[in-house]
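# Close look at the chain arrangement
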Amino acid sequence: MDDTTTSDLVLAARRTWGRRAQSLRVRGGLSLRDVEALARIDYSSLSKIERGLLDTGPGAKLRLAHALDVDVDHLFAFGRSPLDELVERGDREKSGAAA
């Protein structure tokens, strides 16, 4: 039996997409201050997002994707992620299957 909790999976997913955002920012040659101006998200919040310490709403995710010049889906496109496990776990719980 897996001891991973839902909150662990959410945190792992947040870290994964945060690292993806950071990678895109760095590859694009952008500083946190550059993205702050483009996305209208405070640079200290951006740093926390990249480290998986802060989640954002859909509007901020869209602005961040636009600032990084990618589709918002691209921020979450890493193949199988902890979020996939979370969704599957929820589906199993809804259907009454053992987790």
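Quick caveat, the model's predicted, so the values are computed rather than measured. Each chain carries its own residue numbering, running from 1 in the written order of its sequence. Whole-chain, interface and lining totals are the exception, using all residues; otherwise, since this is a predicted model, local features are given only for residues with pLDDT of at least 70 and side-chain atom pairs are given and counted only at 80 or more. Water and hydrogen atoms were dropped before computing side-chain values, which therefore reflect all heavy atoms in the structure.

### Overview of the environment of glycine 29
The condition that has to hold: Think of it this way: any DSSP run of H or I at least four residues long counts as a helix, any run of E at least two long counts as a strand, and we number them from the N terminus. Three exposure classes are used, based on accessible area relative to the maximum for each residue type with a 1.4 Å probe and protein chains only: buried under 20%, partly exposed in between, and exposed over 50%.
As for its placement among the helices and strands, glycine 29 is situated in the loop between α1 (6-27) and α2 (32-39). Looking at glycine 29, the relative accessible area reads 60%, which means it is exposed. Taking the C-alpha atoms as reference, glycine 29 lies 9.9 Å from leucine 68; in sequence the two are 39 residues apart.

### Observations concerning the confidence of the model for the chain
Regions with low pLDDT should not have their predicted coordinates read in detail. Let me state the cut-off plainly: What pLDDT conveys is the predictor's confidence in a given residue, as a value from 0 to 100.
Confidence along the chain averages 82 in pLDDT terms, with 77% of residues attaining 70 or more. Taking the mean pLDDT of every element in the chain, the minimum, 63, falls on helix α6 (residues 82-95) and the maximum, 97, on α2.

### Things to note about the nonpolar core
Threshold: Throughout, nonpolar core names a set of buried Ala, Val, Leu, Ile, Met, Phe, Trp, Tyr and Cys residues whose side chains join them through atoms within 4.5 Å. In what follows, residue pairs with any heavy atoms lying within 4.5 Å of each other are defined as contacts.
Of all hydrophobic cores here, the largest spans 15 residues; its most connected members are Val35, Ile41, Leu64, Leu68 and Leu75. Broken down by secondary-structure element, the contributors of at least two residues to this core are α1, α2, α3 (43-50) and α4 (58-67). At 4 residues, the largest contribution of residues to this core is made by α4. When residues no more than four places from it in sequence are discounted, the contact partners of leucine 64 are Trp17, Ala21, Val35, Ala39, Ile41, Leu46 and Ile49.

### Focus: α1
Quick reminder of the rule: For a helix, the expected span equals 1.5 Å multiplied by the residue count minus one.
With 22 residues, α1 should cover 32 Å at 1.5 Å per step; its first-to-last C-alpha distance of 32 Å lies within 8% of that length. Listed in full, the buried residues belonging to α1 are Leu9, Ala13, Thr16, Trp17, Gly18, Arg20, Ala21, Leu24 and Arg25. In the segment just after α1, glycine 29 is the residue with positive phi, at about 70°.

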